[in-house]
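# Structure at a glance
Each chain, letter by letter, is given below.
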There are 2 protein chains.
Amino acid sequence: MKAVVHVGQAGMEGLSVREMEVLQPKAGEVRVKLKTAGLNHRDLFVLVRHKPTDPPLIIGSDGAGVVDAVGEGVTGVLVGDEVVINPSLGWLEKTDAPPEGFEILGLPFHGTFAEQVVISAVNVAPKPEHLSWEEAGVLSLAALTAYRALFTQGQLREGMKVLIPGIGSGVATFLLQFAKAAGAAVYVTSRSAEKCQKALELGADKAFDSNGDWEQELGGEKVDLVIECVGAATFNKSLKQLRPGGTVVTFGASAGDVVELNLRDFFYGQFRLFGTTMGSGEEYKEMLDFITKHQIKPVIDSIYPLEQYKEALNRMENAQQLGKIGFYI
Amino acid sequence: MKAVVHVGQAGMEGLSVREMEVLQPKAGEVRVKLKTAGLNHRDLFVLVRHKPTDPPLIIGSDGAGVVDAVGEGVTGVLVGDEVVINPSLGWLEKTDAPPEGFEILGLPFHGTFAEQVVISAVNVAPKPEHLSWEEAGVLSLAALTAYRALFTQGQLREGMKVLIPGIGSGVATFLLQFAKAAGAAVYVTSRSAEKCQKALELGADKAFDSNGDWEQELGGEKVDLVIECVGAATFNKSLKQLRPGGTVVTFGASAGDVVELNLRDFFYGQFRLFGTTMGSGEEYKEMLDFITKHQIKPVIDSIYPLEQYKEALNRMENAQQLGKIGFYI
């Protein structure tokens, strides 16, 4: 089968489309014939983390398709089922951290940028009927991350005010959609006027320049919750917008890992900071129920043929997208 | 009446024992004739925050005594009642942050280093019977801070492992006693071998040098909760001892306000950081019930005559104490 494979040299130079062996599902596993796949920032990191001496690896965490083989002992999943893939491996219940052995599909195990993928049967779920194949293929990792960040960690409730700095990423657009659906007021920032405009069309209550004066933009209004995935460039600006007792949830640091935190301001503000990553199987199911109830569809930036993986990865690396980038398999 | 009053010059130079007017309780207030009072770090900060141009101020947040006058409309408090004073003014319910107008007794309102204090009737509670006057006088601010940090914010439960860096302060000794009473394993650090020894006598499971190698001291064991009141000197060492999904509660930064926080380590660890201060009236009542149920008594470092306030303040400023410093009025 055809697949996007990383081997040897770190980075995009080590990537190529190759023929790989079609695997058989073992006990408890299923094989999915993929129709679409989705790109995540993680796929860029994987190209660095996967070592030159490691065996060839099919990258990719997100995908959707049709079950075409079922291993021994699998119940509740049948050949022909239309499914989405939950890339959270070995983390079933909603706990405060993943258990030992937790991995994300696409490193160290073969991922979804391929005609077929073999995965545990607990990691497939019926494709939501309101989603197209393109939408289903780009859903999982970002939507699950957004869901855990907002609801499990951020404890978002109707009427709360949420600030989302950096609205470009796939996760950020889910955050905006989910928070609006939950009845929150949502404020977003971006360095791009075009992305601000798009966010307003998606329902954001305010959208303003990341480099501007946030306090002025918010008219001095404080927020209950900030979902912070930018990092050093915005972290302390984010903290300044919090009401006393407010919460920051952080899961990304593309603009710098290390921040200066003033503990005294933090504890006088009775602030809360929660680190989060992707979520558990339990949260994945809750997320699917949530998007079905609210008929939420992923915002798609662009869908490429799998062979054009370089164009897609470059678009993401240069932060040109608003919403998700996907592939036709 | 006699009182320790700050006026004019910032710092201890502005302090003296003076005659002050005895006030009458207004509607909803009571007057307490104090038997004992307690010293807190806050009293040192107050000497700087209270401006030379402000009117003279009686300092002090903690105290215990006998009600000697009751204002109009007060129910449930009678002249002759033996009471402890809750210095948390205007914060009644257990919320994520204090409401507007919250103040701590002793700035801007006259405090407890005096023969009498006038205070809202909701800020006195029956003196726990198992406490001496000395113990009751030094209880409130530190025990309430420790209670909120451990239980409201840290969500401490039986069987958890708790690390308390810097065991010298009054709050830290309450943290140790409360956490042990709740069935946790408690590890503490101090730069003083004597304080480590005292902590072991108070029930700490491990006590080791703050300047040592914590990972080695803990044998690689990770903790569920760190209560961090030291600040920059220990903050990142504290984070390193946390299990994935673990919590740090911070309420002090005597050894530096600003820390470098690595966001990526923080969110991959799914860590949680809670800022906290003193607590609400609701938490004060819970704390009194808790110490009564477990028959917990404050660890007393020393009790001075009120006239020796300088010796007492110096002892605290030089971090010589283990446990609470108090005054006979």
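Residues numbered from 1 in each chain as written. Chains lettered and ligands numbered in written order. Predicted model: local features only at pLDDT ≥ 70, side-chain atom pairs only at ≥ 80, totals over all residues. Heavy atoms only, no water.

As a further point, take the overall build of chain A. In terms of helices and strands, chain A carries ten helices and 19 strands. Over its C-alpha trace chain A gives a radius of gyration of 20 Å, about what one expects of a compact globule, namely 20 Å for 329 residues. Classification of the 329 residues of chain A by burial places 57% in the buried group. Taking the intrachain contacts of chain A between residues at least 6 apart in sequence as the baseline, contacts between residues at least 24 apart amount to 70%. Here chain A has roughly 12,900 Å² of accessible surface; of this, 50% comes from carbon and sulfur atoms. Charged side chains in chain A number 31 positive and 41 negative. The centres of these two groups are separated by 3 Å. (Helix = DSSP H or I, 4+ residues; strand = E, 2+ residues; numbered from the N terminus. Rg over C-alpha atoms; globule rule 2.2 N^0.38 Å. Buried < 20%, exposed > 50% of the residue type's maximum accessible area, 1.4 Å probe, protein only. Contact = heavy atoms within 4.5 Å. Areas by Shrake-Rupley, 256 points an atom, 1.4 Å probe, with all protein chains shown as cover. Lys, Arg positive; Asp, Glu negative; His and termini not counted. Charge placed at Lys NZ, Arg CZ, Asp CG, Glu CD.)

Right, let's get into the domain arrangement of chain A. All names here are of chain A. Annotation of chain A at the domain level lists domain 1 (2-139 + 298-328) and domain 2 (144-275). Placing a centre on the C-alpha atoms of domain 1 and another on those of domain 2 gives a separation of 28 Å. Taken together, the contact pairs 17 residues of domain 1 with 13 residues of domain 2. Across the domain 1 to domain 2 interface the summed buried area is about 1,100 Å²; carbon plus sulfur atoms make up 62%. Here domain 1 and domain 2 share five residue pairs in polar contact (both at pLDDT 80 or more) between them. Its residues placed into classes, the side of domain 1 that touches domain 2 shows eight nonpolar, six polar and three charged. (Domains from an automatic or database assignment. Buried area = accessible area lost by both parts, 1.4 Å probe. Polar contact = N/O pair within 3.5 Å; in protein donor to acceptor, adjacent residues only side chain to side chain. Nonpolar A, V, L, I, M, F, W, Y, C, P; charged D, E, K, R; others polar.)

What follows is about the pairing of strand 11 (residues 161-165) of chain A. Sheet faces and side chains relate simply in a regular strand, where the side chains alternate between the two faces. Residues and elements named next belong to chain A. Across the five residues of strand 11, four count as buried, placing the element largely inside the fold. Regarding topology, helix 4 (residues 170-181) serves as the crossover connection from strand 11 to the parallel strand 12 (residues 185-190), and that connection is right-handed. Two strands pair when backbone bridges link them, and strand 11 and strand 14 (residues 223-228) are joined in this way by two bridges, in the parallel orientation. In the strand pairing of strand 14, Leu163 is matched with Val226. (Right-handed = clockwise from strand over helix to strand, strands pointing away. Pairing = 2+ DSSP bridges.)

Sequence positions flagged by UniProt for "domain: Enoyl reductase (ER)" (unreviewed entry) are, in local numbering, residues 11-327 of chain A. Structurally, residues 11-327 of chain A is divided into 27% helix and 29% strand, and its ends, taken at the C-alpha atoms, are 19 Å apart. (UniProt positions renumbered as here; feature names shortened; annotations may be inferred.)

Moving on: the pairing of strand 17 (residues 272-275) of chain B. Here strand 17 of chain B shows no split at all, with Arg272 and Phe274 of chain B on one side and Leu273 and Gly275 of chain B on the other all buried. Relative to strand 17 of chain B, strand 17 (residues 272-275) of chain A is paired through three bridges, and the arrangement is antiparallel. Counted as the bridge partner of Phe274 of chain A is Arg272 of chain B from strand 17 of chain B. For strand 15 (residues 242-250) of chain B and strand 17 of chain B, the ladder comprises four bridges, and the chain directions are parallel.

With 104 residues, the main nonpolar core has Leu150, Leu156 and Phe178 of chain A together with Leu150, Leu156 and Phe178 of chain B as its most contacted residues. If we ignore the near neighbours within four places in the chain, the residues touching Leu150 of chain A are Gln155, Leu156, Val162, Leu175, Phe178, Ala179, Leu225 and Ile227 of chain A. (Core = buried A, V, L, I, M, F, W, Y, C linked by side-chain atoms within 4.5 Å.)

Further remarks concern the packing of helix 1 (residues 41-49) of chain A against helix 10 (residues 309-317) of chain A. Residues and elements named next belong to chain A. Following both chains from N to C, one finds helix 1 and helix 10 inclined at 105°, their axes separated by 9 Å at the closest point. Our classification of the angle between helix 1 and helix 10 gives roughly perpendicular. Taking contact as the criterion, the partners of His41, Asp43, Leu44 and Leu47 in helix 1 are, on helix 10, Leu313, Met316 and Glu317. Of the residues contributing to the contact of helix 1 with helix 10, the split by class is four nonpolar, one polar and two charged. (Axes fitted to C-alpha atoms, helices over the stretch in contact; angles between N-to-C directions. Parallel < 35°, antiparallel > 145°, perpendicular 65-115°, else oblique.)

Glancing now at the packing of aromatic side chains. Note on aromatic pairs: each is described by the distance of the centres and the angle between the planes. All names here are of chain A. Counted under the stated rule, the structure contains 21 aromatic pairs over all chains. Ring plane angle 65° and centroid distance 6.1 Å describe the contact between Tyr147 and Phe290, whose orientation is recorded as edge-to-face. One end of the pair, Tyr147, is in helix 3 (residues 140-153); the other, Phe290, is in helix 9 (residues 281-293), with 143 residues separating them in the sequence. Classification of Tyr147 as buried rests on a relative accessible area of 9%. Ring geometry for Phe174 against Phe178: centres 5.6 Å apart, planes inclined by 45°, an arrangement best described as tilted. Of this pair, Phe174 and Phe178 both sit in helix 4, four residues apart, roughly one helical turn. We note that Phe174, like Phe178, is buried. (Phe/Tyr/Trp six-rings, centres within 6.5 Å; stacked < 30°, edge-to-face > 60°.)

Let us look at unusual backbone geometry. For the peptide bond that leads from Leu107 of chain A to Pro108 of chain A, omega is 5°, which places it in the cis range. Positionally, Pro108 of chain A belongs in the loop between strand 8 (103-104) and strand 9 (116-120). At Gln155 of chain B, a residue that is not glycine, the phi angle is positive and equals roughly 50°. In this fold, Gln155 of chain B is placed in the loop between helix 3 (140-153) and strand 11 (161-165). Phi at Gln295 of chain B takes a positive value of approximately 50°, unusual for a residue other than glycine. Here Gln295 of chain B is to be found in the loop between helix 9 (281-293) and strand 18 (300-305). For Gln295 of chain B, a relative accessible area of 49% gives the class partly exposed.

This next bit is on the packing of helix 3 of chain B against helix 4 (residues 170-181) of chain B. All names here are of chain B. Helix 4 packs onto helix 3 with a crossing angle of 50° between their chain directions and a minimal axis gap of 8 Å. Judged by the angle between their axes, helix 3 and helix 4 are oblique. When the axes of helix 3 and helix 4 are compared, the crossing they make is right-handed. For the pair formed by helix 3 and helix 4, the contact residues are Ala142, Ala143, Thr145, Ala146, Tyr147, Ala149, Leu150 and Phe151 on the first element and Gly170, Val171, Phe174, Leu175, Phe178 and Ala179 on the second. Tallied by class, the residues present in the contact of helix 3 with helix 4 amount to twelve nonpolar, two polar and no charged. (Left-handed = near helix turned anticlockwise from the far one by under 90°.)

Attention now goes to the sheet that holds strand 4 (residues 57-58) of chain A. For sheets, the rule is that strands pair by backbone hydrogen bonds, running either parallel or antiparallel. Pairing in this open sheet of three strands is antiparallel, and the strands run 2-1-4 (chain A) from one edge to the other. Of all strands in the sheet, those bounded by a partner on one side alone are strand 2 (15-19) and strand 4 of chain A.

Right, let's get into the relation of the copies chain A and chain B. For the pair chain A and chain B, the best superposition has an RMSD of 0.0 Å and corresponds to a rotation of 180° with a translation of 0.0 Å parallel to the axis. Read as a symmetry element, the transformation amounts to a two-fold axis. A shared binding surface is used by both copies, with 100% of the interface residues of chain A retained as interface residues in chain B. (Least-squares fit on C-alpha atoms with pLDDT ≥ 70 in both.)

Contacts between chain A and chain B engage 40 residues on the former and 40 residues on the latter. Looking only at chain A, the three residues that lose the most surface to chain B are Leu263, Phe267 and Gln270 of chain A, adding up to 22% of its buried area. The partner of Arg264 of chain B in a salt bridge is Asp257 of chain A, with the nearest N and O atoms 3.0 Å apart. Of all the secondary structure elements, the ones that give two or more residues to the side of chain A that touches chain B are helix 1, helix 3, strand 15 (242-250), strand 16 (258-262), helix 8 (263-268) and strand 17 of chain A. For the side of chain A that touches chain B, the class distribution of residues is 20 nonpolar, twelve polar and eight charged. (Salt bridge = Lys/Arg side-chain N within 4 Å of Asp/Glu carboxyl O.)

Time to look at the environment of Lys285 of chain B. Turning to its location among the elements, Lys285 of chain B is positioned in helix 9. Separated by 160 residues in sequence, Lys285 of chain B and Ala125 of chain B place their C-alpha atoms 8.0 Å apart.

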